[in-house]
Amino acid sequence: MNRVVYYLRLWKGYQRRGFLEMTQYPTDTVIMIISLLLREAAGFIGILAIAYAAGGLGGWGVYEICLMFSMCALVESISMTFLDNVWEINRLVHQGRMDVFLVRPAPLFFQVLGDVAHYPALVSMVIYAGTMIFSMAQLGIGFSAGLFLFMAEYLVCGVLVNTGIYTIFNSLNFWIIQGEDVAVLVQTCREFAKYPIGAFPGIIQTVFTYVLPFGFVGYYPASYLTGKAGNWVLAGLPLSAAGVCLVAAIFWNLGTRTYDSTGT
């Protein structure tokens, strides 16, 4: 119990520091917020334009697409706010900055995650949450205790899948110089998850279900809410999250065992 209290206090300290860093440079914060919103809006408008022109997309109506996109973007916003520092593994390894964490009395991965907090992403989080609620209302999805329980499961599992996949590929930096480029390629592929993947060929559906299970970040949960998928999604979410986290833990542990600083 004392250990749990220690971690909670430590995480609180990390978040406080992140908030102070954000308020120290208000102009940079505003610019980052605007850039985040413009980036997501561009993708959102593109999907809607295709849906309106085609009268739908893969059997999905406009509001169903809005629901799926907002769910996917909401998970990304949460991950970006609190768990985005997995993208710093490249610099931590290749610049020897990992050494600082190794001499501190706390788990290494816990320190890496807590070292950076991107609070500007909270703005997009609020916007996408509003878009999701609006889409549900338009689709006639009733708000109930069951819905709230499902959303809690979805958000936890979706964030674990999202961050876990990025951890796996950013951990490649322990062995190769340009490991971050592979992670960026995977992040680019994630854009497919914002579309109804059922409209893509079978090989792509298989990849985003079993290999890179980004389908559980947006498509399958939205399919469950709209009645396009059955109760198997309730089991698929934790199974996919557990599988991704297991692989991420293996890659991280193997990588940290081979880490020997920069040698300078």
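Residues numbered from 1 in each chain as written. Predicted model: local features only at pLDDT ≥ 70, side-chain atom pairs only at ≥ 80, totals over all residues. Heavy atoms only, no water.

Let's talk about the pattern of salt bridges
Our working definition: Here a salt bridge means any side-chain nitrogen of Lys or Arg lying within 4 Å of a carboxyl oxygen belonging to Asp or Glu. Going along the chain from the N terminus, every DSSP run of H or I of four or more residues is numbered as a helix, and every run of E of two or more is numbered as a strand. Per-residue accessibility, obtained with a 1.4 Å probe over protein chains only, is compared with the maximum for each type, and a residue is labelled buried under 20%, exposed over 50%, and partly exposed between these values.
In the structure shown here, the tally under the stated rule is 5 salt bridges. The salt bridge involving Arg190 is made with Glu76; its shortest N-O contact spans 3.2 Å. In this pair, Arg190 is assigned in the loop between helix H9 (179-189) and helix H10 (202-211) and Glu76 in helix H3 (residues 62-82), connecting sequence segments 114 residues apart. The same class applies to Arg190 as to Glu76, namely buried. Salt bridges here are not isolated pairs; linked through shared partners, they connect Glu88, Arg91, Arg97 and Glu180.

Considering H9
Counted only if it meets this: To be clear, the arc concerns the directions from the helix axis to the C-beta atoms. Only heavy atoms matter for contacts: two residues are in contact if any of them lie within 4.5 Å across the pair.
Among all positions in H9, only Gly179, Glu180, Ala183 and Val186 are buried. On an axial view of H9, the arc spanned by its buried residues comes to 115°, and they lie on one face. Buried residues in H9 make contact with helix H4 (89-94) and helix H8 (145-170).

Description of a nonpolar patch on the surface
Basically, it comes down to this: Patches here are clusters of residues that have more than 30% relative accessible area and form no salt bridge, with a 9 Å joining cutoff for like charges and a 5 Å cutoff for nonpolar side chains (Val, Leu, Ile, Met, Phe, Trp, Tyr). For the area figures, the Shrake-Rupley method with a 1.4 Å probe applies, and any residue is considered shielded solely by the protein chains shown.
On the surface, a cluster of nonpolar side chains totalling about 470 Å² of accessible area is made up of Trp175, Ile176, Leu246, Ile250 and Leu254. You can call Leu246 exposed: its relative accessible area is 53%.

Quick look at the environment of Trp11
Assignment of secondary structure puts Trp11 in helix H1 (residues 2-24). In this structure, Trp11 is in contact with Phe82, Leu83, Phe110, Leu113 and Gly114, ignoring residues within four places of it in sequence.

Examining the packing of aromatic side chains
Heads up, the condition is: A pair of aromatic rings is counted whenever rings of Phe, Tyr or Trp (Trp by its six-membered ring) have centres within 6.5 Å, and the orientation is called stacked for planes under 30 degrees apart, edge-to-face for over 60 and tilted otherwise. Our definition puts a charge over a ring when NZ of Lys or CZ of Arg is within 6 Å of the ring centre and also within 35 degrees of the ring normal.
Scanning the model with the defined rule gives 18 aromatic pairs in all. Ring centres of Phe216 and Tyr220 lie 5.0 Å apart, and the angle between their planes is 40°; on these two criteria the pair is classed as tilted. Across this residue pair, the class does not change: Phe216 and Tyr220 are buried. Grouping aromatic residues by their ring pairs yields a cluster made of Phe109, Phe174, Trp175, Phe251, Trp252 and Tyr259. Lying across the ring of Trp60, Lys228 places its NZ or CZ 5.4 Å from the centre.

Comments concerning the packing of H8 against H9
What counts here: Angles shown run from 0 to 180 degrees and are taken between the N-to-C directions of axes, each axis being a line fitted to C-alpha atoms and, for helices, limited to the stretch in contact. To sort the angles, those under 35 degrees are grouped as roughly parallel, those over 145 as roughly antiparallel, those from 65 to 115 as roughly perpendicular, and the leftovers as oblique. Under the scheme applied here, ten amino acids are nonpolar (Ala, Val, Leu, Ile, Met, Phe, Trp, Tyr, Cys and Pro), four are charged (Asp, Glu, Lys and Arg), and all others, including Gly, are polar.
Following both chains from N to C, one finds H8 and H9 inclined at 150°, their axes separated by 8 Å at the closest point. With respect to their mutual orientation, H8 and H9 come out roughly antiparallel. Across the interface between the two elements, Ile165, Tyr166, Phe169 and Asn170 of H8 pack against Gly179, Glu180, Val182, Ala183, Val186 and Gln187 of H9. Of the residues assigned to the contact of H8 with H9, the class counts are 6 nonpolar, 3 polar and 1 charged.

Digging into the side chain of Thr81
Our working definition: Here a polar contact is recorded for every N or O atom pair within 3.5 Å, except that within protein the pair must consist of a potential hydrogen donor and a potential acceptor, and residues adjacent in sequence are included only if both atoms are side-chain atoms.
Looking at the secondary structure, you find Thr81 in helix H3. Within polar-contact distance, the side chain of Thr81 engages the backbone oxygen of Ser77 at 2.8 Å. Setting aside chain neighbours within four positions, we find Thr81 in contact with Val116, Ala117, His118, Tyr119, Ala121, Leu122 and Met125.

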